[in-house]
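Below, each chain spelled out in residue letters.
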Amino acid sequence: MLTYQFKDNLIYKLHPLTSIIFVGVVFVLALIFSHPAYLLGLLISVWVVLGAAGNLKEGQSYIKFSLIMVLMIVLINVLFARAGTTIIYRGVDIPLIGALEISLEAIAYGLGMSLRLLVIISVFCLYTYTVNPDKALHLGGRLGGKSVLAITLSLRLFPLMIKDFQRISEIQRCRGVKLSTGSLWQRAKKTLPIISIILLSSLERSLQLAESMQARGYGSGPRSTYDRDLWRPRDYLIIALSIMALFLGICSAIKGWSAYRYYPILEEISGLDWILASFIAMILLLPAILNWGGKKWPL
Amino acid sequence: MLNHIDKFRSRYVLILIMLILLMVATLIPENPLYNLNWALLSTMMVFAAILVFFWSFERSRVSSKLIAFIATMSALAAVARIAFSAIVSLQPSTFIIMISAYVFGPQIGFMVGAISALVSNFFLGQGPWTPWQMLCWGMCGVLASLVAIGQNEFRLVRFTVMAGFCGLFYGWVINIWHWAAFMYPLNIKTFLAVYASSLAFDFIHAIGNMVFSVLFGSTFYQVLRRFKKYI
């Protein structure tokens, strides 16, 4: 049911905070960088980590899903950007937009931004598949009791309601309601009564839930919290190196190295750019390296 | 008590001033924040906005029944989203969030919206869109509760108009991030192009919301109203 399914490798066994910090660092770096070399480095390291976690297939389906967005980004950038100087094609007048003018720079910019989108999508795919939502919510438990409790309860009620949904739609089918044929609108119209039946039964359930919480003494005193997750040296190592990568990234952004000038003419990519970009990417490869090492030399 | 509320308000004002300063800082040259990436900045702002709502929820006195209610309604909206996910943009989640906000007020409405976005994404996949969806659905709840001010019964026309507006509002707010993060130059033309490309989906969402409100608004309202008496 949940997209998270446990797999037996190091990346799944990391402390949830470590995974969140890793994902957060890559996300922030992807937004800071505009240089294609840096973005490419990030993309490669995220995919190697995804591969180490055994989630290549899921990653591919994420990428397929985002291809439409990539196409749109390239298209809109190409159609509307007027700052490029290397014109490839100059064509007919289009109403609203003006003369069609396709420049190499605009295409490059569209592709660069698509690279950024792919990094972001892939790193969130890594998060979705490798971090247990319950454990991630546990981290917030200390900060806010009520909202985290509501989220956890809702996460638990969700599969229950899906089961209700399947049960009730089977009963509806037995009664002759055709749920899978007809136009989209007809189907939607027939599905909504099921939702309203679930509403009735689950409101009843929520009262029982509240009573049982009350009976167990919810809200009678200060909340206690506990931590079940183990901190291992590798967690500290990954956190330290992720923060180092973030620091390097911010430094290079302030120095202007990781910024790339697309307009008016494409900037040349120097060897130094590649070196620094691959250095940052290498730092972020650490979880995959640790996973490989752990398999090669098991304890 | 009053003093407490004053202190609370002053904190909101402080956060607001900080956000505005941050925004202004990106426009003034010769400081480290100059020309900060807008995608990052807008995501930070959305995070701050959600945190303020969650924070005020933490500080308020909420019974266990209300917490269970929020969890139930947000799970229901999430289920509705998944059950209808084959039919893109035509989904009753926004309607469910809005009707619970209409009955229970802005704070509960925001929490139901935000949590249902978060929870359904645990099943559909988390992404940079999660905080934006949380904010959008939460704000749909807040807007719906504004319509309910001073009303003792279900006002179909007001609610339906607001439901239609929320369908458009949802897409329009989410587009901001898409535009800020991936487009160049950031001008009115690219802005309009991004909005035009999502217009069809936004309209389906709006029309779906309106039809759901007309068909099921008063039933859901009666059910929730009766439930409110137990709390």
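Rules used in this analysis
Residues numbered from 1 in each chain as written. Chains lettered and ligands numbered in written order. Predicted model: local features only at pLDDT ≥ 70, side-chain atom pairs only at ≥ 80, totals over all residues. Heavy atoms only, no water. Helix = DSSP H or I, 4+ residues; strand = E, 2+ residues; numbered from the N terminus. Buried < 20%, exposed > 50% of the residue type's maximum accessible area, 1.4 Å probe, protein only. Contact = heavy atoms within 4.5 Å. Areas by Shrake-Rupley, 256 points an atom, 1.4 Å probe, with all protein chains shown as cover. Rg over C-alpha atoms; globule rule 2.2 N^0.38 Å. Salt bridge = Lys/Arg side-chain N within 4 Å of Asp/Glu carboxyl O. Buried area = accessible area lost by both parts, 1.4 Å probe. Nonpolar A, V, L, I, M, F, W, Y, C, P; charged D, E, K, R; others polar. Phe/Tyr/Trp six-rings, centres within 6.5 Å; stacked < 30°, edge-to-face > 60°. Core = buried A, V, L, I, M, F, W, Y, C linked by side-chain atoms within 4.5 Å. Domains from an automatic or database assignment. Polar contact = N/O pair within 3.5 Å; in protein donor to acceptor, adjacent residues only side chain to side chain.

Engineer: So what about the overall build of chain B? Which residues, and what values?
Structural biologist: Counting secondary structure elements, chain B contains eight helices and zero strands. Ordered by position from N to C terminus, the α and β elements of chain B give α-α-α-α-α-α-α-α. Counting every position in chain B, which comprises 231 residues, the buried fraction comes to 58%. Residue pairs at least 24 apart in sequence account for 73% of intrachain contacts in chain B once pairs closer than 6 positions are excluded. Of the roughly 10,100 Å² that chain B leaves accessible, carbon and sulfur atoms contribute 70%.

Engineer: Which residues make up the overall build of chain A, and what values do they have?
Structural biologist: A count of helical and extended segments in chain A gives 10 helices and two strands. For chain A, the sequential pattern of α-helices and β-strands runs α-α-α-β-β-α-α-α-α-α-α-α. In terms of overall dimensions, chain A is more spread out than a globule: its C-alpha atoms have a radius of gyration of 25 Å, far above the 19 Å expected for 299 residues. Its C-alpha atoms give chain A principal-axis dimensions of roughly 70 × 60 × 40 Å. Split into buried and exposed, the 299 residues of chain A put 47% on the buried side. At a minimum sequence separation of 6, the contacts of chain A that also span at least 24 residues come to 75%.

Engineer: Would you mind going over the pattern of salt bridges in detail, with residue names and values included?
Structural biologist: Residues and elements named next belong to chain A. For the coordinates displayed, the defined rule picks out four salt bridges over all chains. As a salt-bridge pair, Lys13 and Asp8 come within 2.8 Å of each other at their nearest N and O atoms. Take Asp8: its relative accessible area is 59%, and that puts it in the exposed class. When the shortest N-O distance is used, the salt bridge between Asp164 and Arg205 registers 2.9 Å. Here the residue Asp164 occupies a position in helix α6 (residues 145–174), and Arg205 occupies one in helix α7 (residues 184–215), the gap between them amounting to 41 residues. Looking at Arg205, the relative accessible area reads 23%, which means it is partly exposed.

Engineer: Give me the lowdown on the interface of chain A and chain B, citing residues and values where you can.
Structural biologist: Contacts between chain A and chain B engage 65 residues on the former and 64 residues on the latter. Between chain A and chain B the total buried area reaches about 5,900 Å² when both faces are included, carbon and sulfur atoms providing 82% of it. Looking at the side of chain A facing chain B, the largest losses of area belong to Lys146, Phe158 and Leu192 of chain A, adding up to 12% of the total buried there. At the boundary of chain A with chain B, the tally comes to zero salt bridges. Looking at the side of chain A that touches chain B, the elements with two or more residues in it are α1 (16–32), α3 (56–80), α4 (104–130), α6 and α7 of chain A. Counting residues per element, the side of chain A that touches chain B draws most heavily on α7 of chain A, which supplies 20 residues. The class makeup of the residues in the side of chain A that touches chain B is 50 nonpolar, 12 polar and three charged.

Engineer: So, the packing of aromatic side chains: which residues are in play, and what are the values?
Structural biologist: Each aromatic ring pair is specified by the distance between its two centres and by the angle formed by the two planes. Residues and elements named next belong to chain B. Per the stated rule, a full pass over the model turns up 24 aromatic pairs over all chains. Both rings, one in Phe95 and one in Phe159, keep their centres 6.4 Å apart while their planes meet at 80 degrees; by these two values the pair is edge-to-face. Taken together, the residues Phe95 in helix α4 (residues 93–104) and Phe159 in helix α7 (residues 156–182) connect sequence positions 64 residues apart. Taken as a pair, Phe95 and Phe159 share a single burial class, namely buried. Ring geometry for Phe154 against Phe159: centres 5.3 Å apart, planes inclined by 55 degrees, an arrangement best described as tilted. Phe159 matches Phe154 in its accessibility class, with the two residues each being buried. Three or more aromatic residues link up through ring pairs in this structure, and these residues are Phe95, Tyr102, Phe154, Phe159, Phe220 and Tyr221.

Engineer: Describe the nonpolar core, naming the residues involved and giving the relevant values.
Structural biologist: Ranked by internal contacts, the top residues of the largest apolar core, which has 156 residues, are Leu284 of chain A together with Phe54, Phe69, Met73, Ile96 and Leu224 of chain B. If you tally residues by element for this core, the top one is α4 of chain A, at 15 residues. Shared between two domains, this core holds at least three residues of each, these being domain 1 (16–135 + 228–296) and domain 2 (145–215) of chain A. Ignoring sequence-local partners within four residues, the contact set of Phe69 of chain B consists of Leu203 and Ser206 of chain A together with Ser100, Phe104, Ile108, Leu224, Phe227 and Ile231 of chain B.

Engineer: How would you sum up the side chain of Ser120 of chain B? Please name residues and give values.
Structural biologist: All names here are of chain B. Summarising the element assignment, Ser120 is placed in helix α5 (residues 106–124). A distance of 3.3 Å separates the side chain of Ser120 from the backbone oxygen of Ala117, its partner in a polar contact. Discounting residues that sit within four places of it in the chain, Ser120 has contacts with Ala78, Arg81 and Ile82.

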